[in-house]
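Fold and geometry: a report
Single-letter residue listing:
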Amino acid sequence: MASAAAASPSLSLNPTSHFQHQTSLVTCLKPPPSSALFRRKTLPFFERHSLPISASSSSSSSSTSLSVHEKPISNSVHFHGNLIESFENQDSSYAGTIKGASLIDELENPVERNGLSGRRRLFMQDPPWISALFLKGLSKMVDQTLKIERKDIDKRKFDSLRRRQVKEETEAWERMVDEYRDLEKEMCEKNLAPNLPYVKHMFLGWFQPLKDVIEREQKLQKNKSKKVRAAYAPHIELLPADKMAVIVMHKMMGLVMSGHEDGCIQVVQAAVSIGIAIEQEVRIHNFLKRTRKNNAGDSQEELKEKQLLRKRVNSLIRRKRIIDALKVVKSEGTKPWGRATQAKLGSRLLELLIEAAYVQPPLTQSGDSIPEFRPAFRHRFKTVTKYPGSKLVRRYGVIECDSLLLAGLDKSAKHMLIPYVPMLVPPKRWKGYDKGGYLFLPSYIMRTHGSKKQQDALKDISHKTAHRVFEALDTLGNTKWRVNRNILDVVERLWADGGNIAGLVNREDVPIPEKPSSEDPEELQSWKWSARKANKINRERHSLRCDVELKLSVARKMKDEEGFYYPHNLDFRGRAYPMHPHLNHLSSDLCRGTLEFAEGRPLGKSGLHWLKIHLANLYAGGVEKLSHDARLAFVENHLDDIMDSAENPIHGKRWWLKAEDPFQCLAACVILTQALKSPSPYSVISHLPIHQDGSCNGLQHYAALGRDSFEAAAVNLVAGEKPADVYSEISRRVHEIMKKDSSKDPESNPTAALAKILITQVDRKLVKQTVMTSVYGVTYVGAREQIKRRLEEKGVITDERMLFAAACYSAKVTLAALGEIFEAARAIMSWLGDCAKIIASDNHPVRWITPLGLPVVQPYCRSERHLIRTSLQVLALQREGNTVDVRKQRTAFPPNFVHSLDGTHMMMTAVACREAGLNFAGVHDSYWTHACDVDTMNRILREKFVELYNTPILEDLLQSFQESYPNLVFPPVPTRGDFDLKEVLKSQYFFN
């Protein structure tokens, strides 16, 4: 090696000023020659760049003399280690320049690259820090290039999705019109009705006649003088007749599917619903029409204005920024129509639908007979009693659907148009009352249900005041979802087989009993009751079948998408909800099982741990109340069942069907099986949301407000070996009271007999719903009905009178037990109710501001009837009056206030999780994230709960009341206990 070094020629490199500067810097930073770090970094570079080199020998004052090692190519396998070793043994210092970015220069006598192994080649090595710097620069350059390319690809992809989203929101009705036109054309050309689903077959038959009568009405009103024109005349002309016909058909049938009662829809509901849909489409239609076309006679200024608008529309579709169409429409001076205008136009369109829409019974007559046609809808008046057994009656107009129309309708729900579908791109950021959410469809930050006081409070709010609320809604809206195809396939197969399994409704109706031939009054009465009950069950099944079809239709539509988003808004209390109504994570087990996060993350060790606990929680049946270790043991004991469920869900042992949430349980079985069968379980990618649920969350908030140690321990604010179960605690206390009552004399105490019957029926399930809703203001009547339903399910008491009496007694005992155990919570509820009564008695609605700055106004006012004369009938519209409803204001304030606090906690947690890099979804008191991130989310949600309740919430509320109503006197805040909120941070079962 030494001789080789001695024989090495000197290599002269042409200097440049740039590399002279770089080399001097590198020389200053030269590390010790034995640096293991540089050894590791240098070696891979030479493995990639072990190229033959040549050098030219020339000497100059500025040249650098470098040692070059000569090696036969046959020994190149040992090249790397020897080269580094010889480099480290050199004592000479390095100074010089490198020409260009290359590490190789040719020698005077170049060696042929393709020479035989006997030929010798020269190899050189720079100092390792040169290689490191070069690699770092190269890596940075490659990263930047890839980032630019990826950004360009992502931009093109995003723009494509944005264009699709804009079309979805603005062209849905137009596409439906085109579809019916094409079907009509096909029918005329082939002289044969196309093979269509039931509901589309009806729509096709109604489309042309309805379009014709709307066109006739438009021409009729246009030709009339202003004095005799109908009130709806200016608005019926605002859309083409074909588009208006499609909207009327779909909105009416949507109402029939979602909520008809005995085949009837209230005229007020139908008219206003159609009017709202027409108004929304008119806004979008007018805006797009202005951007697409110039009218003859427009001035130069108007043409310029339209040209600018046209450019803005193009930017909506093609550029990064979306301009709010409704904002532009508002700037043109378009005012909201109002309920009266909506109702008048809707009523006239309903009248035209009744005139044009017909159904035809199956052809059972002879070929010579004339086919029978009958109206699909009829307008009539219905009289109902105000309350069961009451003599007070009310009469209202309804649209009655023909029985033929209802038959088979639930199987065609998937063909209905659903405007508010999940978004393909993230929603617009919220910036105000009506600024955010969907790109074009009307979006409001709160569902005010027409409360002008609440709307005014929100319109006056500044972005600075409510920025944390906006930020939380944006966080929830930016969570990307996708359809879990494995679960959807299972749902589809079970649904195709008739449902009636895994929580799916039975697709068949209950048979209606035949009328008895005898004239016995008792037998006839019994038949009437049975027939009424069967009809009620069938109506409920029909509604549920339509609901399932609508959910599945959205899932089918979205299943091939890479991901989608749910814009969120608030109810008036500050709780967040997705704006899309059908397939969302707040809905049923079917929806939750069918949805998953679009982004997948490796399970990790903690993720596998939480996945097992999550599966046990979904199985439920009491397992969810065990300790974490016991839940893990439950899963380990059922691994065979879990794997069988994942691999053969339909024809296997079907263990997953025993779960309380079967589809979510099956989704967990699938990912757990993948992990356990993988050689690397912790690296398996999971898209499954893992839930952490509060323990009777309403009482947790009351316990934090009151700082009562006993109540805090009862709802898991304090650490324990296993979760405390407040429902079991209440049921034990109810059992004790009933046991005591059962020993009394039945003659002097009538409840003794009831206690003896009920003592064996008291369990956790009997009292759970009442305990859960007690903190949300459940009344005695509400508690009685809840317990009555549970007793009916048990089936021990069959006599109706006895069942009612037992429910009354059980409700009283349950509420008494609650008052005994949660005394501090009851005191706060009473104080909140008293404050609300004082405010409402002065004819003011109760107002407060949540800790995040959201203004809340209780909307309970005595409604006023507003009569509107329409072409169909006189409609009585309900509108907000000026007199508040004192009773509702008082009873609703405690639960509404607690709801605003749990909404605040969820939003605080959402923003903190986003800042920590977590995906987050929330369902009121149930928080969701990836399995690997559950520990982080658990820490955050506890910290945010403590942060929320470390503020003087009740004292601030009292102060705001005193400042808003200085002439009123309010009672002092109830005294607090001595519970230390920091205990929550250590409680593993607080949310679990």
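Everything here concerns the structure above.
Residues numbered from 1 in each chain as written. Predicted model: local features only at pLDDT ≥ 70, side-chain atom pairs only at ≥ 80, totals over all residues. Heavy atoms only, no water.

1. Points about the sheet that holds strand β23 (residues 921–923)
Taken in spatial order, the three strands line up as β18-β24-β23 in an open sheet, and their pairing is antiparallel. One side of each edge strand has no neighbouring strand; the edge strands of this open sheet are β18 (690–693) and β23. Within this sheet the neighbouring strands show an average axis-to-axis angle of 25°, counted without direction. (Pairing = 2+ DSSP bridges. Helix = DSSP H or I, 4+ residues; strand = E, 2+ residues; numbered from the N terminus. Axes fitted to C-alpha atoms, helices over the stretch in contact; angles between N-to-C directions.)

2. What to know about the environment of Gly397
Looking at where Gly397 falls in the secondary structure, it is placed in strand β7 (residues 393–401). For the pair Gly397 and Val267, spaced 130 residues apart in sequence, the C-alpha separation works out to 5.6 Å. Ignoring sequence-local partners within four residues, the contact set of Gly397 consists of Ile265, Gln266, Val267, His379, Arg380, Phe381 and Gln873. (Contact = heavy atoms within 4.5 Å.)

3. Things to note about the packing of helix α27 (residues 751–758) against helix α30 (residues 800–821)
Two measures define how a pair of helices packs: the angle their axes make with one another and the distance between the axes. One can describe the packing of α27 onto α30 by two numbers: an axis separation of 10 Å at closest approach and a directional angle of 90°. On the basis of the axis angle, α27 is roughly perpendicular to α30. Of the residues in α30, those touching α27 at Thr751, Leu754, Ala755, Ile757 and Leu758 are Met802, Ala805, Ala806, Tyr809 and Ser810. Considered class by class, the residues forming the contact of α27 with α30 number eight nonpolar, two polar and no charged. (Parallel < 35°, antiparallel > 145°, perpendicular 65-115°, else oblique. Nonpolar A, V, L, I, M, F, W, Y, C, P; charged D, E, K, R; others polar.)

4. Details of the packing of aromatic side chains
One pass over the structure, following the stated rule, counts 21 aromatic pairs. Through a chain of ring-to-ring contacts, the aromatic side chains of Phe920, Tyr927, Phe945, Tyr949, Phe990 and Phe991 assemble into a single cluster. A cation over an aromatic ring shows up here: Arg395 above the ring of Phe381, its NZ or CZ 4.4 Å from the ring centre. Of note, Arg532 hangs over the ring of Trp529, and the distance from its end group to the ring centre comes to 5.2 Å. (Phe/Tyr/Trp six-rings, centres within 6.5 Å; stacked < 30°, edge-to-face > 60°. Lys NZ or Arg CZ within 6 Å of the ring centre and 35° of its normal.)

5. As for the sheet that holds strand β11 (residues 480–483)
Taken in spatial order, the three strands line up as β12-β11-β15 in an open sheet, and their pairing is antiparallel. Strand pairing shows two members of the sheet lacking a second neighbour, β12 (564–565) and β15 (595–597), which therefore form its edges. As paired strands, β11 and β15 are joined by three bridges and run antiparallel to one another. Looking at the pairing, Trp481 lines up with Phe597 of β15.

6. As for the packing of helix α24 (residues 697–706) against helix α32 (residues 886–915)
Where α24 contacts α32, the two axes come as close as 10 Å, and the packing angle between them is 90°. When the axis of α24 is compared with that of α32, the two are roughly perpendicular. Residues Asn697, Gly698, His701, Tyr702 and Leu705 of α24 pack against Pro894, Val898, Leu901, Asp902 and His905 of α32. Among the residues making up the contact of α24 with α32, the classes are represented as five nonpolar, four polar and one charged.

7. As for the side chain of Gln786
Here Gln786 is to be found in helix α29 (residues 780–794). Since its relative accessible area comes to 8%, Gln786 is described here as buried. Looking at Gln786, its side chain comes within polar contact range of the side chain of Thr770, at 3.0 Å. If sequence neighbours within four positions are ignored, Gln786 has contacts with Gln769, Thr770, Thr773 and Val778. (Buried < 20%, exposed > 50% of the residue type's maximum accessible area, 1.4 Å probe, protein only. Polar contact = N/O pair within 3.5 Å; in protein donor to acceptor, adjacent residues only side chain to side chain.)

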